[in-house]
Amino acid sequence: MANLVVEVSGICNMKCPICAYPTLTRPHGFMKLDLWKKIIDDCVQNGHSIHWIHYFGEPLLWPHLIEGIKYLISKGLNTNISTNGLLLSPKMVDDLYNAGQHEIMVALDTTNPDVYNKIRGEGFYQIVFNNIKQAITMQKLKIIVQWMPTVLNYGETEEDFYRVLTRSPYLAVCKWFNIRMTENTLNVSNYHHKPDNIDKSKCNKLYEYCVVLWDGRTVLCCFGMNGEMATGNLNSNTINESYNGTIANSLRSMIRGNDLPLICKRCFADHMLMT
């Protein structure tokens, strides 16, 4: 069985300095509804799951979002949504809740607008902050505020978020992946390393998710963000063929044998330090 991350939107309405989206070289676009339904049906028939519908685009931009969520729920599945929060209007909250989606993660990452500007970009903090506050008062969607520690927001605490937002059963704060950002490092000793300091033959990302790009191509980790090392295409392949097929297993064998592709050599492998 595979756990999927499905990029329903390959387009984003922000260009966050912390994100690789602005540097992507592959085409941008939206997943077709027919492909989404094919993926859902494959999951139902073969026991796969869809963990996230977010990769490098903004899922709330997807034109088929509400219909897509309704179809997923009608098939007995559920998923997680991570958003930058710009489009989380009261209508969007209502539409998602009525479609069957009862929680959503919003990337805020800091309680300091100046820090937010450096992590996410200028001009968005107050919009996102207000959208979160409004959504909480509606008492429908549970809002999970993403708090991604970086060198820039080091020292902030979970309590800081509850202080500036509110303490409510409809709000949770989730500490997320640690990011060093460019050449900086966190003030944590086990993050002081270079790419070659890690035994990447033990990489766990190869077995964690099957990532589905908006056009149907599948990759095994976030470093394959431009479609490098594609293992299949769900327009024509099954999920099992893409995740457990010849190409995917050959890549795993190469990496286990330390015959690393170029993108693996460039990877900082922070995820291996967190497991």
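What counts as what
- Residues numbered from 1 in each chain as written.
- Predicted model: local features only at pLDDT ≥ 70, side-chain atom pairs only at ≥ 80, totals over all residues.
- Heavy atoms only, no water.
- Helix = DSSP H or I, 4+ residues; strand = E, 2+ residues; numbered from the N terminus.
- Salt bridge = Lys/Arg side-chain N within 4 Å of Asp/Glu carboxyl O.
- Buried < 20%, exposed > 50% of the residue type's maximum accessible area, 1.4 Å probe, protein only.
- Pairing = 2+ DSSP bridges.
- Contact = heavy atoms within 4.5 Å.
- Axes fitted to C-alpha atoms, helices over the stretch in contact; angles between N-to-C directions.
- pLDDT = per-residue confidence, 0-100.

Chemist: Can you walk me through the environment of Asn3 in this structure?
Modeler: One can find Asn3 in strand 1 (residues 3-6). With 207 residues separating them along the chain, Asn3 and Cys210 place their C-alpha atoms 6.2 Å apart.

Chemist: Teacher, can you tell me more about the pattern of salt bridges here?
Modeler: Side-chain pairing between opposite charges can occur once the charged atoms of the two side chains come close. Taken as a whole and assessed by the stated rule, the structure comprises 10 salt bridges. Residues Arg217 and Asp215 are paired through a salt bridge, measuring 3.0 Å at the closest nitrogen-oxygen approach. Assessed through its relative accessible area of 22%, Arg217 is described here as partly exposed.

Chemist: I'm lost on the sheet that holds strand 3 (residues 82-83) in this one. Help?
Modeler: What links the strands of a sheet is backbone hydrogen bonding, and the strands pair in either a parallel or an antiparallel sense. Pairing in this open sheet of four strands is parallel, and the strands run 3-4-5-6 from one edge to the other. The open sheet has two free edges, formed respectively by strand 3 and strand 6 (171-175), since each of these has just one partner strand. Note: strand 3 against strand 4 (residues 103-107), two bridges, orientation parallel. From the neighbouring strand, Ser82 faces strand 4, where its bridge partner is Met105. This element, helix 5 (residues 125-138), spans strand 4, strand 5 (142-147) and strand 6 of the sheet and lies at about 150° to strand 5.

Chemist: Quick question: what am I supposed to make of the confidence of the model for the chain here?
Modeler: Reading predicted coordinates in detail is not appropriate for stretches of low pLDDT. Summarising the model, the chain shows a mean pLDDT of 88, and 90% of its residues fall at 70 or more. Here residues 181-192 is modelled with pLDDT under 50, and outside its nearest four sequence neighbours on either side it reaches 24 contacts, counting other chains as well.

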